[in-house]
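# A look at the structure
Given next are the chains, with one letter for each unit.
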Amino acid sequence: QVQLVESGGGLVQAGGSLRLSCGVSGSTFSIDVAGWYRQAPGKQRELVAVISSGSSAKYADSVLGRFTISRDNAKNTVYLQMNSLKPEDTAVYYCNAVIGTIHNYWGQGTQVTVSS
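Predicted model, so just to flag it, every value in this text is computed and none were measured.

Let's shift gears to the side chain of Arg66. Assignment of secondary structure puts Arg66 in the loop between strand 6 (57-59) and strand 7 (67-72). When its relative accessible area of 11% is taken as the criterion, Arg66 is described as buried. A polar contact of 2.9 Å, which involves the side chain of Arg66, links it to the backbone oxygen of Ser62. If we ignore the near neighbours within four places in the chain, the residues touching Arg66 are Gln81, Met82, Asn83, Ser84, Leu85, Lys86 and Asp89.

Below, the discussion takes up the side chain of Glu6. Note on placement: Glu6 falls in strand 1 (residues 3-7). It is Arg45 that comes nearest to the buried, bridge-free Glu6 among opposite-charge side chains, at 8.3 Å. Polar side-chain contacts of Glu6 include one of 3.2 Å to the backbone nitrogen of Gln108. Here Gly109 takes part through its backbone nitrogen, which lies 2.4 Å from a polar atom of the side chain of Glu6.

Now for unusual backbone geometry. Here the phi dihedral of Ser84 falls at roughly 50°; this positive angle occurs in a residue that is not glycine. Inspection of the secondary structure assignment puts Ser84 in the loop between strand 8 (77-82) and strand 9 (91-99). For Ser84, a relative accessible area of 41% corresponds to the partly exposed category. At Thr101, a position not held by glycine, the phi torsion is positive, near 80°.

Before going further, it helps to spend a moment on the pairing of strand 9. With eight of its nine residues buried, strand 9 lies for the most part within the structure. Summarising the sheet, strand 4 (residues 31-39) and strand 9 pair through seven bridges and their orientation is antiparallel. Residue pairing in the sheet places Ile31 in a bridge with Ile99 of strand 9. Examined bridge by bridge, strand 9 and strand 11 (residues 110-115) share three bridges and lie antiparallel to one another. Its bridge partner lying in strand 11, Val92 is registered against Gln111. By the bridge criterion, four bridges tie strand 9 to strand 10 (residues 103-106) in an arrangement that is antiparallel. Its bridge partner being in strand 10, Val98 is matched across the sheet by Asn104. The turn linking strand 9 back onto strand 10 is made up of three residues, and Gly100 within it adopts a positive phi angle of 60°.

Conventions used here
Residues numbered from 1 in each chain as written. Predicted model: local features only at pLDDT ≥ 70, side-chain atom pairs only at ≥ 80, totals over all residues. Heavy atoms only, no water. Helix = DSSP H or I, 4+ residues; strand = E, 2+ residues; numbered from the N terminus. Buried < 20%, exposed > 50% of the residue type's maximum accessible area, 1.4 Å probe, protein only. Polar contact = N/O pair within 3.5 Å; in protein donor to acceptor, adjacent residues only side chain to side chain. Contact = heavy atoms within 4.5 Å. Lys, Arg positive; Asp, Glu negative; His and termini not counted. Salt bridge = Lys/Arg side-chain N within 4 Å of Asp/Glu carboxyl O. Pairing = 2+ DSSP bridges.

Printed below as a string of structure tokens:
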């Protein structure tokens, strides 16, 4: 049973930082392309950042300059470093990844709450 396992969410004050982690279990294959999405109550899920197998990254305009997506291929893990957090960043953050080039998986989501 292949699963993406997320961690790192929590409650933080505005201006603070969090680092989210996304690892894969149940597969010996590596993460190919991966992305972080978020969904706030009453809003559509949106792409926050995406990273290629070669570590090329793209970001939503709303987080550009504040968030950094990265990966550690030896650990088969993808990270999202979130700095200068704002209340509007409050959402459930989901990891999405392609495993073994073909199969796509979603993580369970981790809650990020930014207080003012």
